[in-house]
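Examination of the molecular architecture
So you can see what is in the structure, the chains are spelled out below.
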Amino acid sequence: MANTETDTDTILAGLREIVDEIAGVPANEVDLEKSFVDDLDIDSLSMVEIAVAAQDKFGVEIPDDQLKDLKTVQDVVNYIQK
Amino acid sequence: MNLLPAAAGARVAALGEYQPANVVTNQDLTRRVDTTDEWIRSRVGIEERRIAGPEDSVVSMAAAAGGKALAASGLAPADIDLVIVATCTLVDQIPNAAARVADRLGIEAPGAFDVNAACAGFCYGLGLAADSVRSGSAHNVLVIGSEKLSDWLDWEDRSTCVIFADGAGAAVVTPSETPGIGPVVWGSSGDRADKIYLRENKYLYQEGQSVFRWATTELNGVAAEALRRAGVEAGQLTAFVPHQANLRIVEAIARKLGAPQAIVARDIVTAGNTSSASVPLALARMSERGELPSGSLVLTMGFGAGLTYSAQVLEIP
């Protein structure tokens, strides 16, 4: 299994692409500590689109009842790694 | 046993629409519930909608839209032998809307029934109309979607009252030598009946995120199947007219359709979400604006409570 640091970088890079495509947020603004709603101005419907795109990319399903607890980019990375 | 002589195909001969006169803007809604114009525009894409007045009912709006479609078709009321009304908001359920609409339009003794497939209702009705013509059960069919959602809204619930609206749209379906309405793809997912329902048996409620996820992930397969069954490539479409549920759903489905040349219906911006009326209302309004020249191929798709869905390709008269 690859080390966690590499995985985090890979997932973050993937999420940056997704967030840029869906919400038009430039990749350099998407850091681990950023909150989707408060920092990146991403609303609940865009979060659903991001979750679906993340599922396609990483093969991990994020159901709606879990999604509402994922506030930051780090939260999503952790969920995908789990 | 005999079979009736059947038509080779069925086509849409004419369209019609009706909207209540009363325009309700987002600004108007901010005086009723805690919301903003910006929130409504960004989340659902609506700028204004029509809300029925006391003179408007499901039946009256259906008759108005149906009357326009009938007049545009050049047929007489006596030529119509089947009337189908798609609706899920009829308050006075007995008798059905279709018989009353037929009577108002002077159509004597047609087959007359209502279809409740929620926001997918018109596309179900259009499929039934086309099949009736092709089998010989009917010659000329008037199919209508008419909804008065304002009767079923909690005007203090900002998650729903900003979305839904009232109106009607109609089509006359006639026999044709070549197919003008492609095979219908219809289906349902009753295991998710709890995603859109009447709260306290009187207020329309939906789990917005779940519906959004369903619509934006699963319905592209339905659209693709309707194209496949009709033998039409996405690149041949002049327009894509899905149920006007939410502009962001419409645009998300359209992005995955593989038809960048197709005009995408954005009727929700000024009409709101009118459930089963939204597809024929959008078709009629786009046609009036000259966006759908004769011979255009259009993909229609309805989806909503049930969950139900239905799609088909049609050729513009």
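Residues numbered from 1 in each chain as written. Chains lettered and ligands numbered in written order. Predicted model: local features only at pLDDT ≥ 70, side-chain atom pairs only at ≥ 80, totals over all residues. Heavy atoms only, no water.

Test applied: UniProt positions are given in the numbering used here, feature names are shortened, and annotations may be inferred rather than shown by experiment.
As annotated in an unreviewed UniProt entry, chain B carries the name Beta-ketoacyl-[acyl-carrier-protein] synthase III and comes from Streptomonospora alba. For the record of chain B, the UniProt heading Subcellular location (unreviewed entry) holds the text "Cytoplasm". In its Pathway (unreviewed entry) section, the UniProt record describing chain B reads: "Lipid metabolism; fatty acid biosynthesis."

Per an unreviewed UniProt entry, chain A goes by Acyl carrier protein and derives from Streptomonospora alba. Quoted verbatim from the Subcellular location (unreviewed entry) field of UniProt, the annotation for chain A is "Cytoplasm". As its UniProt record puts it under Function (unreviewed entry), chain A is described as follows: "Carrier of the growing fatty acid chain in fatty acid biosynthesis."

**Looking at the overall build of chain A**
Heads up, the condition is: The helix count covers DSSP runs of H or I at least four residues long, the strand count covers runs of E at least two residues long, and both are numbered beginning at the N terminus. Radius of gyration here is computed from C-alpha atoms only, and the compact-globule reference equals 2.2 Å multiplied by the residue count raised to the power 0.38. Contacts: residue pairs with any heavy atoms within 4.5 Å of one another. For every accessible area listed, the method is Shrake-Rupley and the probe measures 1.4 Å; residues are considered covered only by the protein chains on display. Charged-residue counts in this description rest on Lys and Arg as positive and Asp and Glu as negative, His and the chain ends being excluded. Lys charges are placed at NZ, Arg charges at CZ, Asp charges at CG and Glu charges at CD.
Tallying secondary structure elements over chain A gives 4 helices and 0 strands in all. Traced from its N-terminal end to its C-terminal end, chain A shows the element sequence α-α-α-α. Taken over C-alpha atoms, the radius of gyration comes to 12 Å for chain A, in line with the 12 Å a tight globule of 82 residues would show. Expressed as lengths along the three principal axes of its C-alpha atoms, the size of chain A is roughly 35 × 30 × 20 Å. By sequence separation, contacts in chain A at least 24 residues apart represent 55% of the contacts at least 6 residues apart. Taken as a whole, chain A presents about 4500 Å² of accessible surface, with 45% of it coming from carbon and sulfur. Side-chain charges in chain A split into 6 positive and 20 negative, and the spacing between the mean points of these groups amounts to 4 Å.

**What to know about the packing of aromatic side chains**
Residues and elements named next belong to chain B. Which entries qualify depends on this criterion: Pairing of aromatic rings covers Phe, Tyr and Trp, the last counted by its six-membered ring, and requires centre-to-centre distances within 6.5 Å; plane angles under 30 degrees mean stacked, over 60 mean edge-to-face, and any other angle means tilted. Partly exposed describes any residue whose relative accessible area lies between the buried limit of under 20% and the exposed limit of over 50%, with all areas from a 1.4 Å probe on protein chains only and scaled to the type maximum.
Applying the stated criterion across every chain, the model contains 3 aromatic pairs over all chains. Consider the rings of Y124 and W186, whose centres lie 5.2 Å apart with planes at 15 degrees: the pair is stacked. Here W186 lies in strand β8 (residues 185–188) and Y124 lies in helix α5 (residues 121–135), a separation of 62 residues in the sequence. For Y124, a relative accessible area of 15% translates into the label buried. You can call W186 partly exposed: its relative accessible area is 39%.

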